[in-house]
Structures are given as C-alpha cells and as structure tokens.
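Topology and contacts: notes
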Amino acid sequence: MNKRIIILTIFIIIGMIIVPTVYKIYDNNNKLKIKVVEEEFLYQAKRCYNKGDCNSLVYLKDLYQKEYIEDKLINPLTKKYYEDNSYVDLSKDTLEIKLIS
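Owing to the predicted nature of the structure, the values given are computational and were not obtained by experimental measurement.

Here's the deal with the overall build of the protein
- When helices and strands are counted, the protein shows 2 helices and 3 strands.
- If you list the helices and strands of the protein from N to C, you get α-β-α-β-β.
- Whereas a compact globule of 101 residues would reach a radius of gyration of roughly 13 Å, the protein reaches 22 Å, over 25% beyond that.
- Dimensions of the protein, computed from the C-alpha atoms along their principal axes, are close to 75 × 30 × 15 Å.
- When the 101 residues of the protein are sorted by exposure, 25% land in the buried category.
- Once local pairs closer than 6 in sequence are excluded, the contacts in the protein between residues at least 24 apart make up 47%.
- As presented, the protein carries roughly 7800 Å² of accessible surface, and 57% of it is formed by carbon and sulfur atoms.
- Between the averaged position of the 16 positive side-chain charges in the protein and that of its 14 negative side-chain charges there is a distance of 12 Å.

What follows is the structure, given as structure tokens:
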C-alpha cells in the first residue's frame, strides 16, 4: 500500500512537470511559425516600398501582382491561404502587420 502511494506520487509530480513543459514548447513553436510568415511579408513589403513600387500601406495582393512574393502565403497553423486584403502599414512607427486568413 505504501509503495503504491509513493509510485503514484512520483508519477503525479513527473506529470506536473512534463505537461506544462510540452505545452510551452508547442505554443512557442506555433508563435515562431507565425513570426516567420510575418517577417517574410514585412521584408517583401519594405522591398517594394523602398523601390517605389508600393505605397506605405502595402497589400498582399500588390506583392503578388508585382511578383515580390511568388507563392501564396499560408497560415502555418490552419494551412489556409492569407487573404489578398492583408496588409502592412509602413507609415506607423509600430509597423502594423495585419494578416487575415
């Protein structure tokens, strides 16, 4: 009886450590996947703006039409394409990125 309680307690403690750790790793991985897509969108928007091909409000459809982005951007979590009316506002100090899936 005493041995069972000790083994059960050890499993509970291990579970309390493993479950939050795995969740944190999974959540951080998802955030990094989204950040990669946002950074690519921002980079190409800045390229287009600096060459004078785009205004300070750069839409995703403009980057497709002007061939700055060849493949459609996909939300890595839902596997859906981002809408063409997604945009980056380069005129603000915060660089607002609005990706709509």
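On we go from here.
Examining the nonpolar core
- Grouped together as the largest cluster of nonpolar side chains are 18 residues, with contacts concentrated most on Phe-41, Leu-60, Leu-63, Ile-69, Leu-73 and Tyr-82.
- Breaking this core down by element, the ones donating at least two residues are helix H1 (2-50) and helix H2 (60-65).
- Looking at which element gives the most residues to this core, the answer is H1, with 6 residues.
- When near neighbours in sequence (up to four residues on either side) are disregarded, Ile-69 contacts Phe-41, Gln-44, Leu-60, Leu-63 and Tyr-64.

Re the packing of aromatic side chains
- Throughout the structure, instances matching the rule amount to 1 aromatic pair.
- Against the face of Tyr-59 rests Lys-61, its NZ or CZ located 5.6 Å from the ring centre.
- Just above the ring of Tyr-81 sits the side chain of Lys-72; from NZ or CZ to the centre is 5.6 Å.

A look at the pattern of salt bridges
- Taken as a whole and assessed by the stated rule, the structure comprises 2 salt bridges.
- In this structure, the salt-bridge partner of Lys-72 is Asp-84, at a minimum N-O distance of 3.9 Å. Residue Lys-72 is located in the loop between H2 and strand E2 (87-89), and its partner Asp-84 is located in the loop between H2 and E2; the two are separated by 12 residues in the primary sequence.
- Owing to a relative accessible area of 33%, Asp-84 belongs among the partly exposed residues under this scheme.

Remarks on the state of the cysteines
- Going through the model one piece at a time under the given rule, you end up with 1 disulfide.
- Each sulfur of the disulfide joining Cys-48 and Cys-54 lies 1.7 Å from the other. Taking the torsion about the S-S bond as the criterion, the Cys-48 to Cys-54 disulfide, at about 70°, is right-handed. The same class applies to Cys-48 and to Cys-54, which are both buried.

Observations regarding unusual backbone geometry
- Within the chain, Glu-67 stands out as a residue other than glycine whose phi angle is a positive 60°.
- By secondary structure assignment, the location of Glu-67 is in the loop between H2 and E2.

Conventions we followed
Residues numbered from 1 in each chain as written. Predicted model: local features only at pLDDT ≥ 70, side-chain atom pairs only at ≥ 80, totals over all residues. Heavy atoms only, no water. Helix = DSSP H or I, 4+ residues; strand = E, 2+ residues; numbered from the N terminus. Rg over C-alpha atoms; globule rule 2.2 N^0.38 Å. Buried < 20%, exposed > 50% of the residue type's maximum accessible area, 1.4 Å probe, protein only. Contact = heavy atoms within 4.5 Å. Areas by Shrake-Rupley, 256 points an atom, 1.4 Å probe, with all protein chains shown as cover. Lys, Arg positive; Asp, Glu negative; His and termini not counted. Charge placed at Lys NZ, Arg CZ, Asp CG, Glu CD. Core = buried A, V, L, I, M, F, W, Y, C linked by side-chain atoms within 4.5 Å. Phe/Tyr/Trp six-rings, centres within 6.5 Å; stacked < 30°, edge-to-face > 60°. Lys NZ or Arg CZ within 6 Å of the ring centre and 35° of its normal. Salt bridge = Lys/Arg side-chain N within 4 Å of Asp/Glu carboxyl O. Disulfide = S-S within 2.5 Å.

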